[in-house]
Amino acid sequence: MGKITKKLIKNFLIIMIVIIVLSSFISSFFLSKFYMENQFTQLKIKCENVYDSIKDGTPYRNIDANGILITKDSAYSIGRSRMALMSFLHNNDINSIKDKGTFNHPMGEKYLYSRLDTDIGIIVIFENTKLTSDYLRVINIVLSTVFLMGLAVFIPFILIFGKNFTRPILKLQKASYDISKGNFKADMTIETGDEIEELSLSLKNMTKRLEEKYSLQRDFIANVSHDFKTPLSIIRNYSEAIKDGLVPLDEVKEYSKDIIEEVDKLNNLVMDILELSKLQENKFNLKLENFNLYNFLNSSVNKFKNEVIDFNFNISKDILVYGDKAALERVINNFIDNAIKFSPNSSKIELYVKCNNDDIIITVKDNGIGIEDKMIDEIWNRYYKHSQSGGMGLGLPICSEILKLHNFRYGANSKPGLGSEFYFIISKDYYSK
Ligand code: ADP
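Residues numbered from 1 in each chain as written. Predicted model: local features only at pLDDT ≥ 70, side-chain atom pairs only at ≥ 80, totals over all residues. Heavy atoms only, no water.

This part takes up the UniProt feature "transmembrane region" (unreviewed entry) in the protein chain. This chain's UniProt record puts "transmembrane region" (unreviewed entry) on residues 12-31 and 138-161. For the annotated span residues 138-161, helix accounts for 100% and strand for 0% of the residues, and the straight-line distance between the end C-alpha atoms is 33 Å. (UniProt positions renumbered as here; feature names shortened; annotations may be inferred. Helix = DSSP H or I, 4+ residues; strand = E, 2+ residues; numbered from the N terminus.)

Take a look at the structure:
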């Protein structure tokens, strides 16, 4: 039996026991009070009947009642209860007893009585309380039977209900175990139309993301190994050739230059990985300052002066932007680098700045290979890269983190085969004129 089913049964039993205890308490307290009041009324009516029959001269001894009639001179028994009469007379001063009440018979039984003061004398009628306790006993028996019948009916019902209820949960439990073992195809289809179904959908989403991350990570390890391996083997082969004297003296310089280039490449790779980790762990502190936007863009374009770049800065030369100049330069460089990398040689690349309402939009546009629609969001993720990239897929994730830290909106529009544009927006809170 599952833990949830056990819990259901336990809670059901607790509820039933509370109901039974409460009903027994209520019945023994309120019902006995109600029943006794009813009995006192009956006894009073009997007193009146006895009085009427004495007045009418009919024989009151035949009335179905036990009691006494006390006149000035004597006491008479009513009905067949002599013992009760004797005991009552013995234990009570007749003038001091109330209109109604109880007294104990010397044999141990309890009696209810009602008193009626008449012109003939005092009439007191008794009745044994045995009936009242019998009545309460019956009620308790009925309640216990209902409880037992409830158990008999509900426990199998709860077992079936519990099983139906726990089945989808157990399925999800198994699915999460499978996912933790790397099986992302685990079946977690649930159609209960409630929160459990919603949970299964969330789990499905989570699994999809995990699977993507897992495959990106796997690709990354493969890429990193590959990207490290090539420069490392170039460095090793060239150094070995120089050491063994296989390289003519006039070419040593050239070989050394290649080695330095490869070392720089490795260094950049490691720096990128470290920088992205810092950014994503919020350990990167922006060096915020006011800098001139026009000069900043000019110097960015100058770095690519050997490339065909059209630029159009239709903006005031006095705009000051509040940001981390070096970090934003990295963003522009990355956008231009990619535009060059993913465009045919000598195709046009544009860097232009537009003012829209109070926003300044900086865009890098190319006429290159473009990006498929379904990938347009993926490109900002770590390690995502095109097969012809030659990079590590870390450039755009770094840009994305830098722009997020600045609170600048950013994005990309692209059509496969027609080109792409990458932009970021400086809102009016971050610049002054
Ligand atoms: P990398 O350039 O090292 O591949 P990025 O993070 O800079 O890494 O870019 C990730 C991917 O985004 C690229 O591999 C490419 O698929 C796509 N991409 C980025 N810029 C462009 C562009 N201008 N045109 C087409 N694809 C692009």
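L293, L297, F335, I362, F424 and I426 are the most contacted members of the largest nonpolar core, which has 50 residues in total. With seven residues, the top contributor of residues to this core is helix α7 (residues 325-341). If near-sequence neighbours (up to four positions away) are discounted, L293 is found in contact with I315, I319, V321, I360, I362 and I426. In this structure, F40, L112, L116 and I123 belong to the second largest nonpolar core, which totals eleven residues. (Core = buried A, V, L, I, M, F, W, Y, C linked by side-chain atoms within 4.5 Å. Buried < 20%, exposed > 50% of the residue type's maximum accessible area, 1.4 Å probe, protein only. Contact = heavy atoms within 4.5 Å.)

Now for the domain arrangement of the protein chain. Under the domain assignment, the protein chain is made up of domain 1 (3-134), domain 2 (195-280) and domain 3 (288-432). Computed from C-alpha atoms alone, the centre-to-centre distance between domain 2 and domain 3 is 24 Å. Contact with domain 2, which involves twelve residues of that partner, is made by 13 residues of domain 3. Here domain 2 meets domain 3 over a buried area of about 1,400 Å², counting both sides, of which 66% is carbon and sulfur. (Domains from an automatic or database assignment. Buried area = accessible area lost by both parts, 1.4 Å probe.)

Attention shifts here to the site of the ligand. Neighbouring residues of the ligand: 22 residues in total, closest N338, K341, H386, S389 and L396. One nitrogen or oxygen atom from the side chain of N334 is found 3.3 Å from an oxygen atom belonging to the ligand. Measuring from an oxygen atom of the ligand, one finds a backbone N or O atom of G393 at 3.0 Å. Coverage of the ligand by the protein amounts to 97% of the 530 Å² it exposes when considered alone. For the shell around the ligand, the elements supplying multiple residues, two or more each, are α7, α8 (395-406) and β12 (419-426). (Near = heavy atom within 4 Å. Polar contact = N/O pair within 3.5 Å; in protein donor to acceptor, adjacent residues only side chain to side chain. Areas by Shrake-Rupley, 256 points an atom, 1.4 Å probe, with all protein chains shown as cover.)

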